[in-house]
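# Per-entry structural report
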Amino acid sequence: MRLRFTLGLLGGLAALAISAHAAPPAGRLLASNCFQCHGTDGKGPGFDRLAGKNANEIYEEMKEFQAGKEGNGIMAKHAWIYTDEQLHALAGWFSQQNLTSRSAR
Ligand code: HEC
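Predicted model, so just to flag it, every value in this text is computed and none were measured. (Residues numbered from 1 in each chain as written. Predicted model: local features only at pLDDT ≥ 70, side-chain atom pairs only at ≥ 80, totals over all residues. Heavy atoms only, no water.)

### Quick look at the coordination of the iron atom of the ligand
In this structure, H38 (NE2) and M75 (SD) serve as the protein donors to the iron atom of the ligand, at separations of 2.0 to 2.1 Å. Around the iron atom of the ligand sit 6 donor atoms; with metal-centred angles ranging over 84 to 178°, the donor geometry is octahedral. Residue H38 is located in helix α3 (residues 35-38), and its partner M75 is located in helix α5 (residues 74-79); the two are separated by 37 residues in the primary sequence. Just as H38 is buried, M75 falls in that class too. (Donors = N, O, S within 2.8 Å, 3.2 Å for Na, K, Ca; no water. Tetrahedral: all angles 85-135°; square planar, octahedral: opposite > 155°, others 65-115°. Helix = DSSP H or I, 4+ residues; strand = E, 2+ residues; numbered from the N terminus. Buried < 20%, exposed > 50% of the residue type's maximum accessible area, 1.4 Å probe, protein only.)

See below:
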């Protein structure tokens, strides 16, 4: 009985800890779609580095890709689906990534 109570309590605490965990920022969530080529932190692997780039610049580049001004390449395909709000979230996320840290969040 006592063991069951303790286990129940631990389970409850674990659930609390999980639910208390903050949701990832919107930009980070959206950056999952960029992972394969730019990394979710904008640092890799081999494609244009987005980490630490100016947020307005990233936003403007995405708008150009969206408008087809950069041709019909891979980025046109990846840019067209996002709203302006989402593009700002993405640009903000990548611009805030530290260029020197190696963490792959
Ligand atoms: C399948 C690979 C791929 C994916 C996924 C991808 N990109 Fe790209 N991205 C590229 C390539 C290749 C370029 C080089 C430019 C080009 O296509 O003209 C690029 C260029 C860019 C540039 C311009 C950078 C510069 O310095 O000129 C930005 C900004 C960018 N990508 C943002 C994103 C974002 C945001 C996402 C996710 C929503 C994303 N990309 C997903 C391949 C990818």
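### Observations regarding the site of the ligand
Surrounding the ligand, one finds 18 residues, the nearest of these being C34, C37, H38, K53 and M75. H38 is positioned with one of its side-chain polar atoms (N or O) 2.8 Å from a nitrogen atom of the ligand. Interatomic distance of 3.4 Å between a side-chain N/O atom of E61 and an oxygen atom of the ligand. A total of 4 residues in the shell around the ligand trace back to one element, the largest contributor, which is helix α4 (residues 55-67). Along the lines of polarity and charge, the residues of the shell around the ligand split into 12 nonpolar, 3 polar and 3 charged. (Near = heavy atom within 4 Å. Polar contact = N/O pair within 3.5 Å; in protein donor to acceptor, adjacent residues only side chain to side chain. Nonpolar A, V, L, I, M, F, W, Y, C, P; charged D, E, K, R; others polar.)

### Describing the nonpolar core
As a rule of thumb, nonpolar side chains are buried together in soluble globular proteins. One finds A31, I58, M62, Y82, L87, L90 and F94 to be the most contacted residues of the largest nonpolar core, which totals 15 residues. At 5 residues, the largest contribution of residues to this core is made by helix α6 (residues 84-95). Apart from residues lying up to four places away in sequence, A31 is in contact with T40, L90, W93 and F94. (Core = buried A, V, L, I, M, F, W, Y, C linked by side-chain atoms within 4.5 Å. Contact = heavy atoms within 4.5 Å.)

### A look at the side chain of Q97
Relative to the helices and strands, Q97 resides in the segment after α6. Among the polar contacts made by the side chain of Q97, one reaches the main-chain carbonyl oxygen of W93 at a distance of 2.9 Å.

### Description of α6
Between its first and last C-alpha atoms α6 spans 16 Å; for 12 residues at 1.5 Å apiece the expected length is 16 Å, and the two agree. Structurally, α6 contributes buried residues whose contacts are with α2 (26-30) and α4. (Expected span 1.5 Å × (residues − 1).)

### A closer look at the confidence of the model for the chain
Mean pLDDT over the chain stands at 81; residues scoring 70 or higher make up 73%. When pLDDT is averaged over each element of the chain, α4 comes out on top at 97 and helix α1 (residues 2-20) at the bottom at 55. (pLDDT = per-residue confidence, 0-100.)

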